[in-house]
Amino acid sequence: MSNQDCFRILEDIARDLSGEVVSFPTFLDITFQVRTALRKPDLTITHLGKLVSAEPLMSTKIIRLANSVAMNPSGKAIVDINRAISRIGMEAVRSVSFAVAMEQLLNSKKMAPFEALSRRLWEHTMQVAALARVLARRLTQVSPDEAMFAGLVHDLGVFYLLSRAVNFPALVGDPAELHALLVEWHDSIGHALLAAMGMPEELLVVVQEHEQDRTIVTLKTLGDVLFVANKLANLQHGWRDSLFCAPLDPARLSQLFDTQALGALLAESAEDLASLKSALCS
């Protein structure tokens, strides 16, 4: 792929993100509806339940999440959408709506040229989301729902770039160049995309900075949680192609945060992590 082709896709993306309507992806329609509904101070669980019930996959995931070990340790089955929303909280519905939208995008036929990469990206995203929720709940005052949401959207720029790359045959046929484009631009484009969606400034910043190395002594902020969750997920569930970049050195992580203590915590939370990932992915 030539530099001119690379410039063309970035120019195309800039034009889209600067417009009044962002065209990524059509599956985000229900997500925007959920976001709009959640902004209403008089929103009731019944109203939200009616909205999400219109999307069978979303309502199924919400019920599954409500029955996960992490959300429902009593094990008493929940089968009603309103009770499920009451259990997980209204904000968690936003996370589920994004998970549904991204999963539908990656399963669409137009993403077939990127099947292997898409699969790695989806697994990585779910791992980060689950890790972020567990870390926030166990170690910080950060809202677990906010942490899970940040985990779900932290690589939204990669999803977006892939959805646009299919329109550029030269890029589809050049995996190395595509990989370089994704690595270099996904953070900034994720920031711009979330800004276009009207997301809070704090979220924009943590998404843009989630891969900027720093030493974490104690997890305190949403940025800390996302940074650590992303690093840990990259050990076994990274989306980058090993053909085009060096593998992550586990020893390097011990210089950034206490990997031994976090490892023990995650071992204790293995069932919670597995149940969260299963609820979001299935």
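Residues numbered from 1 in each chain as written. Predicted model: local features only at pLDDT ≥ 70, side-chain atom pairs only at ≥ 80, totals over all residues. Heavy atoms only, no water.

Describing the overall build of the protein
Assigned secondary structure in the protein consists of 16 helices and 0 strands. Computed over C-alpha atoms, the radius of gyration of the protein comes to 19 Å, within 12% of the 19 Å expected from 2.2 N^0.38 for 282 residues, which places it in the range of a compact globule. Evaluated residue by residue, the protein yields a buried proportion of 51% over its 282 residues. In the protein, of all internal contacts separated by at least 6 residues, the share reaching a separation of at least 24 is 72%. Working note: accessible area of the protein is about 12,800 Å², and carbon and sulfur atoms make up 53% of it. In the protein, which carries 26 positive and 32 negative side-chain charges, the distance between the mean positions of the two groups comes to 7 Å. (Helix = DSSP H or I, 4+ residues; strand = E, 2+ residues; numbered from the N terminus. Rg over C-alpha atoms; globule rule 2.2 N^0.38 Å. Buried < 20%, exposed > 50% of the residue type's maximum accessible area, 1.4 Å probe, protein only. Contact = heavy atoms within 4.5 Å. Areas by Shrake-Rupley, 256 points an atom, 1.4 Å probe, with all protein chains shown as cover. Lys, Arg positive; Asp, Glu negative; His and termini not counted. Charge placed at Lys NZ, Arg CZ, Asp CG, Glu CD.)

Observations concerning the layout of surface pockets
Roughly 350 Å³ of internal volume is contained in the largest pocket. Together, 14 residues line the largest pocket, and Asn 234, Arg 240, Cys 245, Ala 246 and Leu 248 are the ones closest to its centre. (1 Å grid on protein atoms, 1.4 Å probe; cavity = no way out; pocket = protein on both sides within 12 Å on 5 of 7 lines; lining within 4 Å. Points joined across faces, edges and corners; volume = space filled by probe spheres on them.)

Focus on the environment of His 47
Structurally, His 47 is set in helix α3 (residues 45-53). Taking the C-alpha atoms as reference points, His 47 and Asn 82, separated by 35 residues in sequence, lie 9.1 Å from one another.

Digging into the environment of Glu 123
Tracing the sequence through the fold places Glu 123 in helix α7 (residues 115-139). Judged by relative accessible area, which is 27%, Glu 123 ranks as partly exposed. For Glu 123, the contacting residues outside a window of four places in its chain are His 237 and Lys 277. At 2.6 Å, the side chain of Glu 123 and the side chain of Lys 277 are in polar contact. (Polar contact = N/O pair within 3.5 Å; in protein donor to acceptor, adjacent residues only side chain to side chain.)

What to know about the side chain of Gln 127
Relative to the helices and strands, Gln 127 is located in helix α7. Within the local environment of Gln 127, its side chain forms a polar contact with the side chain of Lys 277, the two groups lying 2.8 Å apart. Excluding anything up to four places from it in sequence, Gln 127 contacts Ala 233, His 237 and Lys 277.

Some remarks on helix α12 (residues 201-208)
For α12, every residue scored as buried is listed here: Leu 203, Leu 204, Val 206 and Val 207. Considering only its buried residues, α12 is in contact with α8 (144-153), α11 (175-196) and α13 (222-237).

Observations concerning the pattern of salt bridges
Under the criterion given, the structure shown has 11 salt bridges. Note that Arg 133 is salt-bridged to Asp 145, the shortest N-O span being 3.8 Å. Remark: Asp 145 occurs in helix α8 and Arg 133 occurs in helix α7; sequence separation between them is 12 residues. For the pair Arg 133 and Asp 145, one class covers both residues: buried. For Glu 211, the salt bridge is made with Arg 240, and the minimal N-O distance between the two is 2.8 Å. You can see Glu 211 sitting in the loop between α12 and α13 and its partner Arg 240 sitting in the loop between α13 and α14 (250-253), a full 29 residues away along the chain. Judged by relative accessible area, Glu 211 falls into the partly exposed class, the value being 22%. Arg 240 sits in the partly exposed class, given a relative accessible area of 24%. Ionic contacts of the salt-bridge type, sharing partners, join the residues Glu 91, Arg 94 and Glu 146 into one network. (Salt bridge = Lys/Arg side-chain N within 4 Å of Asp/Glu carboxyl O.)

Some details on the packing of α7 against helix α9 (residues 156-165)
Running from amino to carboxyl end, α7 crosses α9 at an angle of 160 degrees, the nearest separation of the two axes being 11 Å. Here α7 is positioned roughly antiparallel relative to α9, judged by the angle of their axes. Viewed along their axes, α7 and α9 form a crossing whose handedness is left-handed. Residue-level contacts link Leu 117, Ser 118, Leu 121, Trp 122 and Thr 125 of α7 to Val 158, Phe 159 and Leu 162 of α9. Residues of the contact of α7 with α9, tallied by class, amount to 6 nonpolar, 2 polar and no charged. (Axes fitted to C-alpha atoms, helices over the stretch in contact; angles between N-to-C directions. Parallel < 35°, antiparallel > 145°, perpendicular 65-115°, else oblique. Left-handed = near helix turned anticlockwise from the far one by under 90°. Nonpolar A, V, L, I, M, F, W, Y, C, P; charged D, E, K, R; others polar.)

Some details on the nonpolar core
Counting residues in each nonpolar core, the largest one holds 96 residues, and the members touching the most others are Val 52, Ile 62, Leu 135, Leu 162, Val 228 and Phe 257. When residues in this core are grouped by element, the largest group, 12 residues, is from α7. Excluding its chain neighbours within four sequence positions, the residues that come into contact with Phe 257 are Ile 216, Phe 227, Val 228, Lys 231, Leu 232 and Leu 262. (Core = buried A, V, L, I, M, F, W, Y, C linked by side-chain atoms within 4.5 Å.)

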